[in-house]
Amino acid sequence: VSIEAAMFEAVKNGEFLLHYQPVVDATTRQIMGFEALMRWMHPDLGLVPPIQFIPMAENNGLITLLGAWVLKAACVQIRHFEEAAGRQLYISVNVSPRQFRNDHFLETVDEAMKLSDLQGSQLLLEITEGILMSDPDHAETLLTAIAARGVRIAIDDFGTGYSSLAYLKRFPINTLKIDRTFVKDLPGSVKDAAICDVVISLASHLNLNTIAEGVEDEQQLQFLAKQGCTLIQGFLTGHPMLPDEAIAALKANS
Ligand code: G
Ligand code: G
Ligand code: MN
Ligand code: NA
């Protein structure tokens, strides 16, 4: 069977699971939330990484079903994390272009929040610049409805696509995620340092949060924190992990 046929089977067999990567405060290093990251545990192939199946799911449309599952499962899971931590946390969920275009997307968001009894402000939806580019009118309508629920929007991989600063003015965006390609050579790379500095400063002037991705060492974190980056996500402060490990990380962190 093709990997594509196997994917339809996998949905039925419940072979998809979520890992959770901590997102920490850049200065206190307290865990503020988690990004949900999808994995496929194939019975023969083992753990299939998302770069291998997400583009396929995007093409065959399965992403809509998978994405709805991710949203609900992640919202429910974060409530368990909150219970274990004894404090409020947020959950970040990736939204693919096809999911965003789907007519039922907003209903799915509402269902996930209702199911988990989560406040809107505790949910961060990560979208890419391409989503805003391809159909700005639809994006504006949908993002406005999402923002009306208090749900937050992050631009994932900020600065790597066809970005336009006009989008920051037009759409209700809360967070810029600084792509790890800009982080990996910090603080030595003069260009990357300048880019991060400017993005953080721009965000701060627009009252947006910044999440630096792919932070792997102490010097990178120090540089970003000094520039005023709000949140840090990367192997230094936590790999994507299973729920039990996330709970252990929360207990060790608070
Ligand atoms: O998990 P990993 O670190 O390998 O992620 C690789 C890519 O897969 C990232 O670009 C991430 O945004 C994407 N990805 C992971 N989980 C999801 C998901 O639930 N939905 C969508 N649309 N993309 C995801
Ligand atoms: O595109 P998106 O930002 O959603 O993708 C997140 C991806 O980044 C996931 O595949 C995750 O496993 C990966 N990731 C998270 N932290 C690090 C890190 O510190 N270094 C590297 N190389 N990858 C990371
Ligand atoms: Mn992401
Ligand atoms: Na990213």
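Refer to the structure above for everything that follows.
Each value, and the rule that gives it
Residues numbered from 1 in each chain as written. Chains lettered and ligands numbered in written order. Predicted model: local features only at pLDDT ≥ 70, side-chain atom pairs only at ≥ 80, totals over all residues. Helix = DSSP H or I, 4+ residues; strand = E, 2+ residues; numbered from the N terminus. Rg over C-alpha atoms; globule rule 2.2 N^0.38 Å. Buried ≥ 20, exposed ≤ 12 C-beta atoms within 10 Å, placed from the backbone. Contact = placed C-beta atoms within 7 Å. Expected span 1.5 Å × (residues − 1). Core = buried A, V, L, I, M, F, W, Y, C linked by C-beta atoms within 7 Å. Axes fitted to C-alpha atoms, helices over the stretch in contact; angles between N-to-C directions. Left-handed = near helix turned anticlockwise from the far one by under 90°. Nonpolar A, V, L, I, M, F, W, Y, C, P; charged D, E, K, R; others polar. Pairing = 2+ DSSP bridges.

A. Region of the structure containing the overall build of the protein chain. Helix and strand counts for the protein chain stand at 12 helices and nine strands. In terms of C-alpha radius of gyration, the protein chain reaches 18 Å, essentially the compact-globule figure of 18 Å for 254 residues. For the C-alpha atoms alone, the extent of the protein chain along its principal axes is close to 50 × 45 × 35 Å. The buried share among the 254 residues of the protein chain stands at 38%. Sequence separation of 24 or more characterises 66% of the internal contacts of the protein chain that already satisfy a separation of 6 or more.

B. Representation of helix H3 (residues 62-85). The end-to-end C-alpha separation of H3 is 34 Å, in line with the 34 Å expected for 24 residues at 1.5 Å each. Taken together, the buried positions of H3 are occupied by Ile63, Thr64, Leu66, Gly67, Val70, Leu71, Ala74, Cys75, Ile78 and Phe81. Positive phi shows up at Gly86, right after H3, with a value of about 70°.

C. Inspection of the nonpolar core at higher detail. Core analysis: the biggest nonpolar cluster contains 68 residues, and Cys75, Leu125, Ile178, Leu224 and Ile232 have the highest contact counts within it. Per-element accounting of this core gives the leading share, eight residues, to H3. Not counting chain neighbours up to four residues away, the residues in contact with Ile232 comprise Val24, Ala26, Ala212, Val215, Leu221, Leu224 and Thr237.

D. Molecular detail of the packing of helix H10 (residues 190-205) against helix H11 (residues 218-227). Relative to each other, H10 and H11 sit at 40°, their axes nearing to 9 Å. Of the two elements, H10 crosses H11, and the hand of that crossing is right-handed. Here Ala193, Cys196, Asp197 and Ile200 of H10 lie close against H11, whose contacting residues are Phe223, Leu224 and Gln227. Within the contact of H10 with H11, the residues separate by chemical class into five nonpolar, one polar and one charged.

E. Spatial organisation of the pairing of strand E7 (residues 175-178). The alternating pattern of E7 places Thr175 and Lys177 on one face and Leu176 and Ile178 on the opposite face, and all of these are buried. The pairing of strand E6 (residues 152-158) with E7 spans three bridges and is classified as parallel. Looking at E7, one finds that Ala154 is bridged to Thr175. Examined bridge by bridge, E7 and strand E8 (residues 209-212) share four bridges and lie parallel to one another. If you follow Thr175 over to E8, its bridge partner there is Asn209.

F. Molecular detail of the environment of Glu82. With respect to the element layout, Glu82 can be found in helix H3. Excluding residues that lie within four positions of it along the chain, Glu82 makes contacts with Arg87, Gln88 and Leu89.

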